[in-house]
Amino acid sequence: MSRSSDLYHRALELLPGGVNSPVRAMRSIGRDPIFVASGSGSRIRDVDGNEYVDWVSSWGPLILGHAHPAVIDAVTEAARRGTSFGAPTEGEVELAADIVRRIPSVEMVRMVSSGTEATMSAIRLARAATGRELLLKFAGAYHGHVDGLLAQAGSGLATQGIPASPGVTAAAAASTVIVPWGDFEAIVHATERHQLAAILVEPVPANMGVVPAPPGFLSLLQECASQTGALLIFDEVITGFRVSPGGAQERYGVQPDLTILGKIVGGGLPAAAYGGSRELMERVAPAGDVYQAGTLSGNPLAVAAALATLAQLEPAAYEQLTQTTRLLVSGLLDAAASAAVAITVQSVPGLLTPFFSENPVRDYEGAAACDLDRYGAWCRALLARGVYPPASQFEAWFPSLAHTQDDVEHTVNAAREAFEELGR
Ligand SMILES: *Cc1c(COP(=O)(O)O)cnc(C)c1O
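A quick note: this is a predicted structure, and the numbers were derived from the prediction, not measured.

Caption draft 1: Structural detail: the site of the ligand. All residues in the neighbourhood of the ligand are listed as S114, G115, T116, Y142, H143, G144, E202, N207, D235, V237, I238 and K263. Contacts to the ligand include T116, whose side-chain N or O atom sits 2.7 Å from an oxygen atom. Contact between the ligand and Y142: a nitrogen atom at 3.4 Å from a main-chain N or O atom of the residue. Out of a free accessible area of 380 Å², the ligand has 82% covered by protein chains. Class assignment for the residues of the shell around the ligand results in three nonpolar, six polar and three charged.

Caption draft 2: Molecular detail of the sheet that holds strand β7 (residues 159-160). Reading across the sheet, the eight strands line up as β4-β13-β12-β11-β10-β5-β9-β7 and stay open at both edges, with mixed pairing between neighbours. A strand with exactly one partner marks an edge of an open sheet, and here the two such strands are β4 (108-112) and β7. Bridge count between strand β11 (residues 231-235) and strand β12 (residues 258-261): three bridges; the pairing is parallel. When the sheet's bridge partners are listed, D235 is paired in β12 with I260.

Caption draft 3: Quick peek at the environment of Y291. Residue position: Y291 is located in the loop between α9 (278-281) and α10 (300-312). For Y291, a relative accessible area of 61% puts it in the exposed group. Along the primary structure Y291 and G246 are separated by 45 residues, whereas in three dimensions their C-alpha atoms are 28 Å apart. Among residues more than four places away in sequence, those in contact with Y291 are R124 and A285.

Caption draft 4: View of the domain arrangement of the protein chain. Looking at the assigned domains, one finds that the protein chain contains domain 1 (3-67 + 314-423) and domain 2 (70-310). Here domain 1 and domain 2 share an interface that buries about 2200 Å² over both sides, 64% of which is from carbon and sulfur atoms. Here domain 1 is connected to domain 2 by one salt bridge. With a shortest N-O distance of 3.8 Å, E314 and R102 are connected by a salt bridge. Viewed at the interface, domain 2 and domain 1 are joined by seven residue pairs in polar contact (both at pLDDT 80 or more).

Caption draft 5: Highlighting unusual backbone geometry. Backbone torsion omega between A285 and P286 reads 5°, so that peptide bond is classified as cis. Note on placement: P286 falls in the loop between α9 and α10. Positive phi is not limited to glycine here, since S58 has a value of about 60°. Within the element layout of this structure, S58 appears in the loop between β3 (51-54) and α2 (69-81). Despite not being glycine, F241 has its phi angle at roughly 65°, a positive value.

Caption draft 6: Expanded view of the pairing of β11. When you tally the buried positions in β11, you get five out of five residues, the bulk of the element. Of the two faces of β11, the one holding L231, I233 and D235 and the one holding L232 and F234 are both buried throughout. Examined bridge by bridge, strand β10 (residues 196-201) and β11 share four bridges and lie parallel to one another. Looking at the pairing, L200 lines up with I233 of β11. For the crossover from β10 across helix α7 (residues 217-228) to β11, the handedness is right-handed.

Caption draft 7: Structural view of the sheet that holds strand β16 (residues 387-388). Strand order in the open sheet formed by four strands is β1-β2-β3-β16, and the pairing between neighbours is mixed. Because the sheet does not close on itself, it has two edges, and the strands there are β1 (36-40) and β16. Across three bridges, strand β2 (residues 43-46) lies against β3 in antiparallel orientation. Across the sheet, R45 pairs through a bridge with E51, a residue of β3.

Cut-offs used in this document
Residues numbered from 1 in each chain as written. Predicted model: local features only at pLDDT ≥ 70, side-chain atom pairs only at ≥ 80, totals over all residues. Heavy atoms only, no water. Near = heavy atom within 4 Å. Polar contact = N/O pair within 3.5 Å; in protein donor to acceptor, adjacent residues only side chain to side chain. Areas by Shrake-Rupley, 256 points an atom, 1.4 Å probe, with all protein chains shown as cover. Nonpolar A, V, L, I, M, F, W, Y, C, P; charged D, E, K, R; others polar. Pairing = 2+ DSSP bridges. Helix = DSSP H or I, 4+ residues; strand = E, 2+ residues; numbered from the N terminus. Buried < 20%, exposed > 50% of the residue type's maximum accessible area, 1.4 Å probe, protein only. Contact = heavy atoms within 4.5 Å. Domains from an automatic or database assignment. Buried area = accessible area lost by both parts, 1.4 Å probe. Salt bridge = Lys/Arg side-chain N within 4 Å of Asp/Glu carboxyl O. Right-handed = clockwise from strand over helix to strand, strands pointing away.

The structure is reproduced here in structure tokens:
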């Protein structure tokens, strides 16, 4: 028995499904999870000694790759000074200043410990600021496991949600209005019909696979929000510091009222943030009346990791990330073509998804119509060849600054063999 499967069997007795977050179980690609022992740069090693080129990058945070020396040094040094104080520290002020410098729509920030918590808190603030309760989200978007956002569409174009998980109250789900991604008419209709506190959007949806907005859609959201008195909230947990130095809002030139950050902003440690104009953020306690708190918020180790990570993210880094993304996209397309397998690869710099679909994927319905069994078989074949892909068709691949041309070549060769195996 391999060490990984031994651990998995023990884990099944102790952790629900053997894991601490569902996608890690690899069920949707039809295999058991891989237990990781270590990571360095673009590579991870499992507990059985197998090495993989890692395209998951901890689902986004590790834009510098695993165990980057600058991050490890910063965290180690911070740990020696003490791991948590529950009192303000200098690093938090520096990090806030760095975030505000990079993202102009953000004048003030509040640090929290996870993207879920950041979303939940930003929603509370939006409701307080507008005096309204309803939220709008898009079908297939993910904003963390906040009750009201674990809502799925009923029938019809812009419906109030129904619970997408047992344990979510009907009332929580019903305060979320759900609209298909990229549907111009539905968004106009929904914002006119419902008194919305906020439109919540992943400006580049990456949790149904990567499905960039059609041209003009993000500006329409901004227009609809401002005309109807709703706030526009960009969930930049994935896109922040990744698709450009100032996130998707810089890349597409659309300014949200509130921004949610996570993943990269923790530098690989648990941290997230929300921010916006001074006027809005000064509603947050203790400056204002909207309560929100956290024992480990602004944790010194996470702040040190974040500062060290952001320090590496200068313009040349984005050119490199763009180039790596481009190489991988074209390599995967060539590999599929040479094996006569029909796929569509969708990408923005720093993010991509190979969809097992002949047609472009424009929304959640399109993503759900992909050949999920073949994606799973292809992933299993990649893992057997030392490439670690996201274990779900509905996730993005995350190139990092640690990925080299060699990593891309190794991946493309493995992908070609894996596509050929599908054809047989
Ligand atoms: C990962 C993610 C979240 C949730 O962040 P957690 O830290 O996992 O709670 C929220 N929004 C988006 C877009 C994400 O990708």
